[in-house]
There are 2 protein chains.
Amino acid sequence: MRDFNKKLRVVLIDDNANHLRGIKELINLESSYDVVGTTTSANLGINLIKKYHPDIVLMDINMPEKDGLQTLQAINKLNLSTKVIALSGYDDADLIYRAIKLGAKGYVLKTMASVKLINAIEEVANGKIYLPSVLSTRFFEYFQSTAREEEKVSEEENLLTSLTMREYEVLELLTEGINYKSIAGKLIISETTVKTHVNNIFQKLQVNDRTNAVLYALSHGFKPSKKTAMTAV
Amino acid sequence: MRDFNKKLRVVLIDDNANHLRGIKELINLESSYDVVGTTTSANLGINLIKKYHPDIVLMDINMPEKDGLQTLQAINKLNLSTKVIALSGYDDADLIYRAIKLGAKGYVLKTMASVKLINAIEEVANGKIYLPSVLSTRFFEYFQSTAREEEKVSEEENLLTSLTMREYEVLELLTEGINYKSIAGKLIISETTVKTHVNNIFQKLQVNDRTNAVLYALSHGFKPSKKTAMTAV
DNA sequence: TTTTATCTAAACCTAAAGATTTAGAAAAAC
DNA sequence: GTTTTTCTAAATCTTTAGGTTTAGATAAAA
């Protein structure tokens, strides 16, 4: 939780100098915040963060030099407790999704009322995620549609279902990058038997080599059975 | 958007008969809803949904017979516009995350005030996602920590970074399951050159065959460069 | 009871993959 | 200006992988 005796240390990054000044003045109106640094450059911004270890970073994620998402990644690598709030002119679902995925604790549109920005800082400082309702809906729609596509791929006429138990076991070992000899050893069958199984697998999955068999498996929701590999005593 | 002339058709699924009755009475107090079916069985619930094509389904996701997540999947496969709101006794992050991922449009705790349930129905019917603040925070924490783990794996001593541009291009084609001859054709170089590159790749990634090279690539954040494959005119 | 499916296995062959060495040319780094 | 890196290529050899056919044993289904 937040310590209200200390001022929240804030760093601002925005390639638009005018906008930067505007935000700074806005924040300085609040007595509980302390803007310790501002910059129009992403790279300089990272240096500021290294130097000051701020509580909060407000960053425009649509910058030319180094884009905001890359900068987010760079900040993550510093492993600080600094929380980043993304500022953006766009409510693009993909952008919102990726920003959140890269650890942004908030996402505020530049067109939004300035009071929202203060709200965001307050909420994020208290350990919450700040996503205005509109953006939150965008995020979830994107999230669910992505997940749904993955589901579809692993459902529609999945050739994996035509495999027998034994073939599935063999495929499982193939996906671990193991050769015939070792597979034979693990399943305690002969190498030629393994070859037979593998050839049957190829036919059923309609591929010609193990790499493509593995690729098919991984892209069609193949899941290790877990109960395998106990044949070995 | 919702048509306020029509009543929202609702189906309830909860293995606890008492709870089921309670929810039904609660909803029936609202004149704009019409509970068209209730059941304590997940399988019967799916049948009800098939029959009535309700607007909203309220479903307990902690059921014995068939768990709620499986039921969610089954409902998804019906490809209806029915929206499912998950009811649960637990605010477990993993459970929330998976429910949303499987398309749940809302998640409400049984301990929450009943007015929240009405709110949830109303919001979801209007095309929004209903996730109370506490649960939303849980979701995002889980989402971001999962993403962060993936990032880590693809960062920590990633052998992919030791590859040259050309080797990266070759690896990219390997991950598409293409053989030497075709790779040579695509990059317009000789087959022996491809072999040289592949052998160098193997050494750098510390593997002995293409399958393991591909597996390494896929598990370490390998991303197609997109600017490849134009060598071919 | 007789198919049918599955698991096992061998023989035989071809093609592809992998290991190793050597080497020229061009570009980048020192 | 010399060293290093990278991309190119060939030769040679060994080892897997892959294709095909045949077949016995068993268990389940028709």
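The preceding data block contains the structure.
Residue positions within a chain follow its written sequence, with the count starting from 1. Each chain gets a letter, beginning with A, and each ligand a number, beginning with 1, in the order they are written. Where local features are concerned, this predicted model is filtered to residues with pLDDT of at least 70; where side-chain atom pairs are given and counted, the filter is 80 or more; whole-chain, interface and lining totals use all residues. The side-chain values count all of the structure's non-hydrogen atoms but skip hydrogen atoms and water molecules.

## Regarding the overall build of chain A
The helix and strand inventory of chain A stands at 10 helices and 5 strands. Here the radius of gyration uses the C-alpha set of atoms, whereas the globule reference equals 2.2 Å times the residue count to the power 0.38. For 233 residues, the compact-globule formula gives about 17 Å, and the C-alpha radius of gyration of chain A, at 26 Å, lies well above that figure. For the C-alpha atoms alone, the extent of chain A along its principal axes is close to 75 × 35 × 35 Å. Buried means the residue's accessible area, taken with a 1.4 Å probe over protein chains only, is under 20% of the maximum for its type, while exposed means over 50%, and partly exposed covers the values in between. Burial status across chain A gives 46% buried among its 233 residues. Here, residues are in contact when the closest pair of their heavy atoms is within 4.5 Å. Excluding contacts between residues fewer than 6 apart, the proportion of contacts in chain A whose partners are at least 24 apart in sequence is 67%. Per-residue accessibility takes into account occlusion by the displayed protein chains alone, with areas from the Shrake-Rupley method and a 1.4 Å probe. For chain A, the accessible surface area stands at approximately 11,900 Å², while carbon and sulfur atoms represent 50% of it. By the counting scheme adopted, Arg and Lys are positive, Glu and Asp are negative, and His together with the chain ends is not counted. Each charge is placed at NZ for Lys, CZ for Arg, CG for Asp and CD for Glu. For chain A, the distance from the average position of its 29 positive side-chain charges to the average position of its 28 negative side-chain charges is 6 Å. Comment: elements are numbered from the N terminus, with helices defined as DSSP H or I runs of at least four residues and strands as E runs of at least two.

## What about the packing of helix α1 (residues 17-28) of chain B against helix α5 (residues 114-125) of chain B?
Residue and element names in this part refer to chain B. Close contact between α1 and α5 brings their axes to 11 Å; oriented N to C, the two are set at 65 degrees. By the angle class used here, α1 and α5 are roughly perpendicular. Read as a crossing pair, α1 and α5 show a hand that is right-handed. Residue-level contacts link Ile23, Leu26 and Ile27 of α1 to Ser114, Leu117, Ile118 and Ile121 of α5. Axis definition: a line fit to C-alpha positions, over the contact stretch in the case of helices; interaxial angles, taken between N-to-C directions, run 0 to 180 degrees. An angle counts as roughly parallel when it lies under 35 degrees, as roughly antiparallel when it exceeds 145, as roughly perpendicular when it falls between 65 and 115, and as oblique in every other case. Each crossing gets its handedness from the near helix: less than a right angle anticlockwise from the far helix is left-handed, clockwise is right-handed.

## What about the packing of aromatic side chains?
For this analysis, a ring pair means two rings from Phe, Tyr or Trp (six-membered ring only for Trp) whose centres lie within 6.5 Å, classed as stacked if their planes differ by under 30 degrees, edge-to-face if by over 60, and tilted for the remaining angles. All told, the structure shown has 17 aromatic pairs over all chains when counted by the stated rule. Centre to centre, the rings of tyrosine 97 of chain A and tyrosine 142 of chain A are 4.9 Å apart; their planes meet at 45 degrees, and the pair counts as tilted. Of this pair, tyrosine 97 of chain A sits in helix α4 (residues 93-101) while tyrosine 142 of chain A sits in helix α6 (residues 133-153); the two residues are 45 residues apart in sequence, bridging distant segments of the chain. Using a relative accessible area of 11% as the deciding quantity, one classes tyrosine 97 of chain A as buried. Given the relative accessible area of 25%, tyrosine 142 of chain A is considered partly exposed. Consider the rings of phenylalanine 139 of chain A and phenylalanine 139 of chain B, whose centres lie 6.2 Å apart with planes at 85 degrees: the pair is edge-to-face. Of this pair, phenylalanine 139 of chain A sits in helix α6 while phenylalanine 139 of chain B sits in helix α6 (residues 133-153), placing the two residues on different chains. There is no split in this pair, since phenylalanine 139 of chain A and phenylalanine 139 of chain B are both buried. By way of ring pairs, the aromatic residues Tyr97, Phe139, Phe140, Tyr142 and Phe143 of chain A together with Tyr97, Phe139, Phe140, Tyr142 and Phe143 of chain B are connected into one cluster. A ring is considered to have a charge above it if a Lys NZ or an Arg CZ atom is located within 6 Å of its centre and within 35 degrees of its normal. Sitting over the face of the ring of tyrosine 180 of chain A, arginine 210 of chain A holds its NZ or CZ atom 4.7 Å from the ring centroid.

By themselves, these figures tell us nothing about what the structure is for.
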